Amino acid sequence: MTEQVDLSEFSARTGGLPGLRGFLARPAGDAPRPGVVVLFEASGADAVNRRLNERMAEAGYLSLMPDLYHGRSPYRCLVPTMRAVYSGYGRVYGDIEAARQWLLADPGCTGKVGVIGFCMGGGFALVLAGQGRYDAAAVNYGRAPSPSDAEAAMKGACPVIASYGARDRAFRGYAATIRTALERAGVEHDVKLYPDAGHSFFNETDNVPPVMRPVMRAVMGIGPEPAAAADAWRRIEAFFGKHLAAD
């Protein structure tokens, strides 16, 4: 289901880095489908995150995950990529825009494109929601800006669905911040906090290095939570089904 695609033609136009690649997952069948740009969490395009990309394709979307780390180690790329999240511009945003434009140029895309992100990618998805280029955005345990900044950023945003885990102490309060900002901006939204979930609860397996797991579980409650993930996927499919449907 997944293939690597060359995005460098588009990244040359959008300010991304040369040699950009992406992981494309096509849904079954020949009919054109809405596109979704999938943005990975801090661990990068590992097997767990590629599975999230495939899961979107199984839901019926032409799903493309750009390799924002360009094949390099997360330990080398994480900090500068995280710093880029709230700038709203720069090389990383050029890479993401290249993926969106690739989808729009593909005959298998209907012309509707959403964005979904997890952890670090969720932060990007939240910023992108307010930039007017996507038809819907899914933010999964993405870092939120301060309440005042969030309200300004969400003015004119596309519809947003967001999911957080109450056991994620590092991201405590983010669900309420985003919900309030979207309500005040008059943006259609669906924000839910799962009481039994922590960070990375969508992941089907634990991809945190074993030496870091005790700390990450204590601070962020990190790890799979299948019941919360199943409900969140159901909500995302319904939300995207509504907002990415053909006109």
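Scroll up for the structure.
For clarity, every value in this text was computed on a predicted model and none was experimentally measured. (Residues numbered from 1 in each chain as written. Predicted model: local features only at pLDDT ≥ 70, side-chain atom pairs only at ≥ 80, totals over all residues. Heavy atoms only, no water.)

Concerning the overall build of the protein
When you go through the protein residue by residue, the secondary structure sums to nine helices and eight strands. Rg of the C-alpha trace for the protein: 17 Å, near the compact-globule value of 18 Å for 247 residues, within the 12% margin. With the C-alpha coordinates aligned to their principal axes, the bounding extent of the protein is approximately 45 × 40 × 35 Å. The buried share of the protein, taken over its 247 residues, is 52%. Put simply, 72% of the contacts in the protein that link residues at least 6 apart link residues at least 24 apart. With an accessible surface of roughly 10500 Å², the protein has 53% of that area assigned to carbon and sulfur atoms. Computed over 27 positive and 26 negative side-chain charges, the inter-centroid distance for the protein is 5 Å. (Helix = DSSP H or I, 4+ residues; strand = E, 2+ residues; numbered from the N terminus. Rg over C-alpha atoms; globule rule 2.2 N^0.38 Å. Buried < 20%, exposed > 50% of the residue type's maximum accessible area, 1.4 Å probe, protein only. Contact = heavy atoms within 4.5 Å. Areas by Shrake-Rupley, 256 points an atom, 1.4 Å probe, with all protein chains shown as cover. Lys, Arg positive; Asp, Glu negative; His and termini not counted. Charge placed at Lys NZ, Arg CZ, Asp CG, Glu CD.)

Side note on helix α9 (residues 226–243)
The periodicity of an α-helix, 3.6 residues per turn, causes residues three or four positions apart to be oriented the same way. If you check α9, its first and last C-alpha atoms are 26 Å apart, about what 18 residues at 1.5 Å a residue would give, namely 26 Å. Taken together, the buried positions of α9 are Ala228, Ala229, Asp231, Ala232, Trp233, Arg235, Ile236, Phe239, Phe240 and His243. Buried residues along α9 sit against β3 (33–39), α2 (47–58), β5 (109–118), β6 (136–140), β7 (160–165) and β8 (189–194). (Expected span 1.5 Å × (residues − 1).)

Re the packing of aromatic side chains
For any two aromatic rings, the description comes down to two numbers: the centre-to-centre distance and the angle of the planes. Using the criterion set out here, one finds 12 aromatic pairs in the structure. When the ring of Phe202 is compared with that of Trp233, the centres are 5.2 Å apart and the planes differ by 85 degrees; the resulting orientation is edge-to-face. One end of the pair, Phe202, is in the loop between β8 and α8 (213–220); the other, Trp233, is in helix α9, with 31 residues separating them in the sequence. Through a chain of ring-to-ring contacts, three or more aromatic side chains come together here, namely Phe118, Tyr141, Tyr194, Phe201, Phe202 and Trp233. Stacked on the ring of Trp233, the Lys or Arg Arg55 has its end atom at 4.6 Å from the ring centre. (Phe/Tyr/Trp six-rings, centres within 6.5 Å; stacked < 30°, edge-to-face > 60°. Lys NZ or Arg CZ within 6 Å of the ring centre and 35° of its normal.)

Considering the pattern of salt bridges
All told, the structure shown has 17 salt bridges when counted by the stated rule. Residues Arg133 and Glu97 are paired through a salt bridge, measuring 3.4 Å at the closest nitrogen-oxygen approach. Linking Arg133 in the loop between α5 (120–129) and β6 with Glu97 in helix α4 (residues 91–105), this pair joins segments that are 36 residues apart in sequence. Assessed through its relative accessible area of 43%, Arg133 is described here as partly exposed. (Salt bridge = Lys/Arg side-chain N within 4 Å of Asp/Glu carboxyl O.)

What to know about the side chain of Glu41
Examined against the element boundaries, Glu41 turns out to sit in the loop between β3 and α2. There is a polar contact of 2.9 Å between the side chain of Glu41 and the side chain of Asn203. (Polar contact = N/O pair within 3.5 Å; in protein donor to acceptor, adjacent residues only side chain to side chain.)

Here's the deal with the side chain of Ser200
With respect to the helices and strands, Ser200 occurs in the loop between β8 and α8. Classification of Ser200 by relative accessible area gives buried; the value is 4%. The contact partners of Ser200, leaving out residues within four places of it in the chain, are Glu41, Tyr141, Ile222, Gly223 and Pro224.

Some remarks on the nonpolar core
In this structure, Phe124 and Phe240 are the most contacted members of the largest nonpolar core, which totals 80 residues. Beyond its immediate sequence surroundings of up to four residues, Phe240 is in contact with Val36, Met56, Tyr61, Val115, Ala136, Ala137, Ala138, Ile161 and Ala245. (Core = buried A, V, L, I, M, F, W, Y, C linked by side-chain atoms within 4.5 Å.)

Re the sheet that holds β5
Taken in spatial order, the eight strands line up as β1-β2-β4-β3-β5-β6-β7-β8 in an open sheet, and their pairing is mixed. Two strands bound the open sheet, and with one partner strand each, they are β1 (2–6) and β8. Each strand of the sheet is rotated relative to its neighbour by a mean of 20 degrees, with strand direction disregarded. Against the sheet, α5 contacts β3, β5, β6 and β7, and its axis sits at roughly 130 degrees relative to β5. Against the sheet, α9 engages β3, β5, β6, β7 and β8, with an angle of about 180 degrees to β8. (Pairing = 2+ DSSP bridges. Axes fitted to C-alpha atoms, helices over the stretch in contact; angles between N-to-C directions.)

Overview of unusual backbone geometry
For residues that are not glycine, phi is negative in most cases, and the peptide bond is trans in most cases. Unlike most non-glycine residues, Cys119 shows phi in positive territory, near 60 degrees. Residue placement: Cys119 occurs in the loop between β5 and α5. In this model, Ser200 sits at a positive phi of 60 degrees, which is unusual for a non-glycine residue.

Quick look at the packing of α4 against α5
Direction vectors running N to C along α4 and α5 enclose 75 degrees, while the axes themselves pass 12 Å from each other. Classified by the angle between their axes, α4 and α5 sit roughly perpendicular to one another. In this structure, α4 contributes Val92, Tyr93 and Ile96 to the contact, and α5 contributes Phe124, Val127 and Leu128. For the contact of α4 with α5, the residue count by class is six nonpolar, no polar and no charged. (Parallel < 35°, antiparallel > 145°, perpendicular 65-115°, else oblique. Nonpolar A, V, L, I, M, F, W, Y, C, P; charged D, E, K, R; others polar.)

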